Amino acid sequence: ALPISRQREELATQCKEKEAALRNQLLQKERELAQLNQEIKELQPIKDLQQEQLSRIQELEKEVMHTRGKNAEQLLNIKSAFLRAKSAYRVEAEQQVLELAKESQLEAERFLKEHSEGVLQENQQLRQELLHLIRRSRVLQAHKLHLEGQHKQLIQERQYSQEIG
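Rules used throughout
Residues numbered from 1 in each chain as written. Predicted model: local features only at pLDDT ≥ 70, side-chain atom pairs only at ≥ 80, totals over all residues. Heavy atoms only, no water. Helix = DSSP H or I, 4+ residues; strand = E, 2+ residues; numbered from the N terminus. Rg over C-alpha atoms; globule rule 2.2 N^0.38 Å. Buried < 20%, exposed > 50% of the residue type's maximum accessible area, 1.4 Å probe, protein only. Areas by Shrake-Rupley, 256 points an atom, 1.4 Å probe, with all protein chains shown as cover. Lys, Arg positive; Asp, Glu negative; His and termini not counted. Charge placed at Lys NZ, Arg CZ, Asp CG, Glu CD. Salt bridge = Lys/Arg side-chain N within 4 Å of Asp/Glu carboxyl O. Patch = residues over 30% accessible without salt bridge, like charges linked within 9 Å, V, L, I, M, F, W, Y side chains within 5 Å. Expected span 1.5 Å × (residues − 1). Bend = angle between axes of the 7 residues up to and from the residue.

A. Inspection of the overall build of the protein at higher detail. Summing up its helical and strand segments, the protein has one helix and zero strands in all. A compact globule built from 165 residues should have a C-alpha radius of gyration of about 15 Å, whereas the protein, at 68 Å, is more than 25% larger. Each principal axis of the C-alpha distribution contributes one length, and for the protein these read about 230 × 25 × 25 Å. Across the 165 residues in the protein, those meeting the buried criterion constitute 0%. Carbon and sulfur atoms make up 57% of the accessible area of the protein, which totals about 16,200 Å². Each charge class in the protein was averaged separately, 27 positive and 27 negative side chains, and the resulting centres sit 3 Å apart.

B. Structural context of the pattern of salt bridges. On inspection of all chains with the given rule, the structure shows six salt bridges. Close ionic contact of Arg 6 with Glu 10 constitutes a salt bridge, the shortest N to O distance being 3.7 Å. One end of the pair, Arg 6, and the other, Glu 10, are both in helix H1 (residues 4-164), four residues apart, so they sit about a helical turn from each other. The structure contains a network of salt bridges with shared partners spanning Glu 107, Arg 110 and Glu 114.

C. Summary view of a nonpolar patch on the surface. On the surface, Leu 130, Leu 131 and Ile 134 cluster together into a nonpolar patch covering about 240 Å² of accessible area. Relative to the helices and strands, Leu 131 is located in helix H1. The class for Leu 131 is partly exposed, based on a relative accessible area of 36%.

D. Local environment of H1. Relative to the 240 Å expected for 161 residues at 1.5 Å per residue, H1 spans 226 Å between its end C-alpha atoms, a close match to the ideal helical length. The largest bend in H1 is about 40°, located at Leu 43, with the proline Pro 45 one to four residues further on.

E. Summary view of the environment of Glu 92. Here Glu 92 shows up in helix H1. Remark: the alpha-carbon pair of Glu 92 and Leu 120, spanning 28 residues in sequence, is separated by 41 Å.

Laid out in structure tokens, this is it:
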């Protein structure tokens, strides 16, 4: 068997070797950690940009939702305004039709009145003419009867003078 001092030296040597190996591993891990930290540090602008883009996406989504709501409200307002205008136009058109019908009725009544007055006046004139013609006819008839009487008398006188003479 080996003396204890030698065993201790070997054990100390093994411990130093293990300690050196562990130190090397520790240094290796520290270098890896430093490299990873450096890579993470280099990735930070990308991470910042990604975060900025996510924030911008959220803002845009909010804006889209707001715009959709606004557009829906505007569309509703436009539809409402259209329906009001359509209703007002219908009322106005109905009023115009009623006014035109009333004007037509008044015009027809005025024309009928004027026409009736014209016919009445023409009838009165024709009646006057007829009465005048009837009087004239009576006068002429009386004159004819008178002339026929004279004619008859002249014929009788002539016959009488022929008989005498």
